[in-house]
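# Examination of the molecular architecture
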Protein chains: 2
Amino acid sequence: MQRQVTLAEVAREAGVSPSTVSRILTGSARVRSDKEIQVRQAIEKLSYRPNTFARGLVTGSSGSVGVLTQDIASPFYNDALSGIERGLLGSGYMPLFASGHWRQGDEEHVVQLLLRRRVDALIVLGGCLPDQELLQLATQLPVAVQGRALDLSAHGGTSIALNNREAARELVLYLLERGHRAIGHIMGRADHGDAQARLAGYKDALQEKDIPFVPSLVVQGDFLEPSGLIGMQQLLAAHPEMTAVFCSNDQMAYGARLALYRRGIRVPEDLSLVGFDDLPGSAYTTPPLTSVRQPMEELGFWLARFVLSRLTGGELEAFVPQLELKLRESVGFLRRS
Amino acid sequence: MQRQVTLAEVAREAGVSPSTVSRILTGSARVRSDKEIQVRQAIEKLSYRPNTFARGLVTGSSGSVGVLTQDIASPFYNDALSGIERGLLGSGYMPLFASGHWRQGDEEHVVQLLLRRRVDALIVLGGCLPDQELLQLATQLPVAVQGRALDLSAHGGTSIALNNREAARELVLYLLERGHRAIGHIMGRADHGDAQARLAGYKDALQEKDIPFVPSLVVQGDFLEPSGLIGMQQLLAAHPEMTAVFCSNDQMAYGARLALYRRGIRVPEDLSLVGFDDLPGSAYTTPPLTSVRQPMEELGFWLARFVLSRLTGGELEAFVPQLELKLRESVGFLRRS
DNA sequence: CTGTTAGCGCTTTCAC
DNA sequence: GTGAAAGCGCTAACAG
């Protein structure tokens, strides 16, 4: 639109050389205080704004961290985005968010866009990029990945996966302890590692208590509400004896909850229901939903700090994510029959 | 980390001059096809990625659109972010998201950060920046604002506010038509234009039906779930005769719903409940919540297209947002007593 | 402490 | 059609 004020103009206005202005801006060397005052006044007067890119061109740093998320409107990943934002706050780095929509092609495309913008580091949240590509990226810049088991440490990167399997196991054990035996499972997207891990945890728990695994008690969903509703209908039709259902995430649990409401089946009196992810809304469903909280905000914060430490050479202690069972009111005791 | 491949290296590899490579990349002039092939091979071989900033420095465009949102994890604004992302897709522009957290200071700060990054245009979602500042910004670059009544057209900007007042009026009229007379209202943040507009719509509807406005039927909330829960408790205590409650947004309606659940008050048999915003989860509450859908995704899309049209000189038809009453099951008929 | 000089990687005249 | 040269706005040696 309108030509922007340049550092040279500030220098002229203040009667000093461009380098002096630059020194004041970057704090790279001491400057006589009277000149500094003049310069600051000139900056104010012209309302000068340094051009980040021009600076980046010479320093070799764009001051931005690329963040590949899957869906900018996903309630799950957005917690991590908040954490990343907080982690980068005051560091001089800005996050550059882009969505991959769980499509490998999209993800590769946006990673290219981020690299063209010379992001100084990359944070990857979920997605289906091959491990190989991530490894390759890690050779080029600091990379921090969430959601897969992958060793990036050789290249100075990191990958952190929450132990979904273990948490799912605990959750199902909790149901078993309360007397439930016929426990349905609505699974998430089959191609999704978290869905697989949660199913594995479900099986672990059954095995631990010597309950035979019944394949028809598991129905396929896609992590979205409608699939939870349909999944619950299927389970109800096939297994009237069922007393509890474990949904692979909260969104499907919401759908399942509605299916029950429609049929007048009470939660938890008639059927117990548990989810996974502990979305913000889950504490306010009726009844509040028992779920597993994943510390995504903290994780995002830590991922940001991790790449920052790679960038600035600082130290950083390891992050030990604590998955936490949120025991609420959607699970009831089953009287021994 | 690792030095990046430059255009000059590509030129050398292909045995042509840098300008030729540039011409091929930008398509600014015809080039003999054999050279083009050589260059493309060199690009492939070196896996060259053009430096967006270096280009921007000379073209005077960063290829990015700044987006000031309030909370990167807000379910409400995120729909708009999705729309913006979609609107920018394939345009060569990338969104640069930053959060203002409803704090004027934060908002001003991030706007500065965006301007330093030489965003080519700015989209502002909500927030509490003074109109004056927005006007000032609009003189510098294309600006598109959501959530306030403000005329930016003199500077080629735009501002679009959904008619919350009218929608709230219709929603409350709907309750009145179903026989409700004692209707509570849990208000959103008092300093928030939308909250004020929705309260005004509530009053409009009452007046239209000659129902006196009872101040104590309105309690203060802050748009978050806990305030809905508390607000409902207050209303219940003060107005046992109340048969319906209008919450200024869905999140507060969720909180209110839980307060009712705790007391065994049935929805909609004993009390009707309506919200505003139609969050994704609202179709899956029990019962599904009657609310007002705001076309945020479409709005975001249009805002993106608007700034794009300013940037590229294209034409764009006006956006006529349709607020839509989502009539679901949380409202019941009141028998005439 | 401060000014001069030389680029960072790219596009864009301007000649040929 | 194509190359040489001149910057875009800034920082980082290099001298003083």
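Every value quoted in this text rests on a predicted model; they were computed, and no experiment measured them.

Glancing now at the overall build of chain A. If you tally the helices and strands in chain A, you get twelve helices and eleven strands. Along the three orthogonal principal directions, the C-alpha set of chain A runs to about 90 × 40 × 35 Å. Split into buried and exposed, the 337 residues of chain A put 55% on the buried side. The contacts in chain A between residues at least 6 apart in sequence include a share of 69% that link residues at least 24 apart. With the model as given, the accessible surface of chain A reaches about 14,700 Å², and the carbon-plus-sulfur share is 50%. Distance from the positive charge centre (35 side chains) to the negative charge centre (37 side chains) of chain A: 6 Å.

In the vicinity of DNA strand D there are 24 residues, among which A:Leu7, A:Tyr48, A:Arg55, B:Thr20 and B:Arg23 approach most closely. Restricting the count to atoms of DNA strand D within 4 Å of the protein gives a sugar and phosphate share of 68%. Within the contact set of DNA strand D, a phosphate oxygen lies 2.3 Å away from a side-chain nitrogen or oxygen of A:Tyr48. Between DNA strand D and B:Arg23 there is a distance of 2.7 Å, counted from a base nitrogen to a side-chain nitrogen or oxygen. Mapped by element, the contributors of at least two residues to the surface near DNA strand D are helix 2 (18-26) and helix 4 (52-59) of chain A together with helix 2 (18-26) and helix 4 (52-59) of chain B.

Our next topic: the pattern of salt bridges. Residue and element names in this part refer to chain A. Using the criterion set out here, one finds 36 salt bridges over all chains in the structure. Residue Arg 189 pairs with Asp 191 through a salt bridge whose shortest N-O separation is 2.7 Å. Overlapping salt bridges, with partners in common, bring together Arg 293, Glu 298, Glu 324 and Lys 326 in one network.

With that out of the way, let us pick up the protein's contact with DNA strand C. By nearness alone, 23 residues border DNA strand C, and A:Ser19, A:Thr20, B:Leu7, B:Tyr48 and B:Arg55 come closest of all. When atoms of DNA strand C within 4 Å of the protein are sorted by moiety, sugar and phosphate together comprise 66%. B:Asn51 has a polar backbone atom sitting 3.2 Å from a phosphate oxygen of DNA strand C. When contributions to the surface near DNA strand C are tallied by element, the ones reaching two or more residues are helix 2 and helix 4 of chain A together with helix 2 and helix 4 of chain B. For the surface near DNA strand C, the leading source of residues is helix 4 of chain B, giving four residues. Here the surface near DNA strand C is composed, by residue class, of nine nonpolar, nine polar and five charged.

Another point: the domain arrangement of chain A. Residue and element names in this part refer to chain A. Looking at chain A, the domain boundaries give domain 1 (7-59), domain 2 (64-162 + 296-325) and domain 3 (164-293). Between domain 2 and domain 3, the C-alpha centre-to-centre distance is 30 Å. Across the contact, nine residues belong to domain 2 and twelve residues belong to domain 3. Our count for the domain 2 to domain 3 interface comes out at two salt bridges. In this structure, Glu 298 engages Arg 293 in a salt bridge whose closest nitrogen and oxygen atoms are separated by 2.8 Å. Joining domain 2 to domain 3, the criterion identifies three residue pairs in polar contact (both at pLDDT 80 or more). Contributing elements (two or more residues each) for the side of domain 2 that touches domain 3: helix 5 (75-88) and strand 11 (324-326).

Residues and elements named next belong to chain A. Spatial strand order, 2-1-3-4-5: five strands in an open sheet with parallel pairing. What marks the edges here is a single partner per strand, and that holds for strand 2 (94-99) and strand 5 (158-160). Strand-to-strand, the axes of this sheet are offset by a mean angle of 15°, without reference to chain direction. Alignment of strand 1 (residues 64-69) against strand 3 (residues 121-125), held across four bridges, turns out to be parallel. Bridge pairing in strand 3 links Val 67 to Ile 123. In the packing of helix 12 (residues 296-312) onto the sheet, the strands contacted are strand 1, strand 3, strand 4 (143-146) and strand 5, and the crossing angle to strand 4 comes to about 165°.

Aligned on chain A, chain B shows an RMSD of 0.1 Å; the corresponding rotation is 180° and the shift along the axis is 0.1 Å. This pairing of chains is accounted for by a two-fold axis. By residue overlap, the copies meet face to face through one surface: 100% of the interface positions of chain B are interface positions in chain A.

The next point concerns the packing of helix 1 (residues 7-14) of chain A against helix 2 of chain A. Residue and element names in this part refer to chain A. As a packed pair, helix 1 and helix 2 sit with axes 8 Å apart at the nearest point and diverge in direction by 105°. The orientation of helix 1 relative to helix 2 falls into the category roughly perpendicular. Contact residues: helix 1 offers Leu 7, Val 10 and Ala 11, while helix 2 offers Pro 18, Val 21, Ser 22 and Leu 25. In terms of residue class, the contact of helix 1 with helix 2 is made up of six nonpolar, one polar and no charged.

What counts, and where the lines are drawn
- Each residue is numbered by its place in its chain's sequence as written, counting from 1.
- Written order decides the labels, with chains lettered from A and ligands numbered from 1.
- Two thresholds apply to this predicted model, a pLDDT of at least 70 for residue-level local features and 80 or more for giving and counting side-chain atom pairs, whereas whole-chain, interface and lining totals are computed over all residues.
- Hydrogens and water are ignored here; the side-chain numbers use all heavy atoms of the structure.
- Helix and strand definitions here come from DSSP, where helices need a minimum of 4 consecutive H or I residues and strands a minimum of 2 consecutive E residues; each element is numbered from the N-terminal end.
- A simple rule labels every residue: compare its accessible area, found with a 1.4 Å probe on the protein chains alone, to the largest value its type can have, and call it buried under 20%, exposed over 50%, or partly exposed in between.
- Only heavy atoms enter the contact rule, under which two residues are in contact if any of them lie within 4.5 Å.
- Accessible surface area values rest on a Shrake-Rupley calculation with a 1.4 Å probe, where residue burial reflects the displayed protein chains alone.
- Charge assignment: positive for Lys and Arg, negative for Asp and Glu; neither His nor the chain ends contribute.
- Just so you know, the charge point we use is NZ for Lys, CZ for Arg, CG for Asp and CD for Glu.
- Working definition: residue near molecule or strand if any one of its non-hydrogen atoms lies within 4 Å of it.
- Polar contact is the term for a pair of N or O atoms within 3.5 Å; when the atoms are in protein, one must be able to donate a hydrogen and the other to accept it, and sequence-neighboring residues count only if both atoms are side-chain atoms.
- Between Lys or Arg on one side and Asp or Glu on the other, a salt bridge is scored when a side-chain nitrogen of the former is within 4 Å of a carboxyl oxygen of the latter.
- Put simply, Ala, Val, Leu, Ile, Met, Phe, Trp, Tyr, Cys and Pro go in the nonpolar bin, Asp, Glu, Lys and Arg in the charged bin, and everything else, Gly too, in the polar bin.
- Note: domain ranges come from an automatic or database domain assignment.
- DSSP calls a pair of strands paired once it identifies at least 2 bridges connecting them.
- Axis geometry follows a simple rule: fit a line to the C-alpha atoms, using only the stretch in contact for helices, then measure angles between N-to-C directions, giving values from 0 to 180 degrees.
- All copies are superposed by least squares; the fitting set is the C-alpha atoms of residues with a pLDDT of at least 70 in both.
- Here the angle decides the label: under 35 degrees means roughly parallel, over 145 means roughly antiparallel, 65 to 115 means roughly perpendicular, and every other value means oblique.

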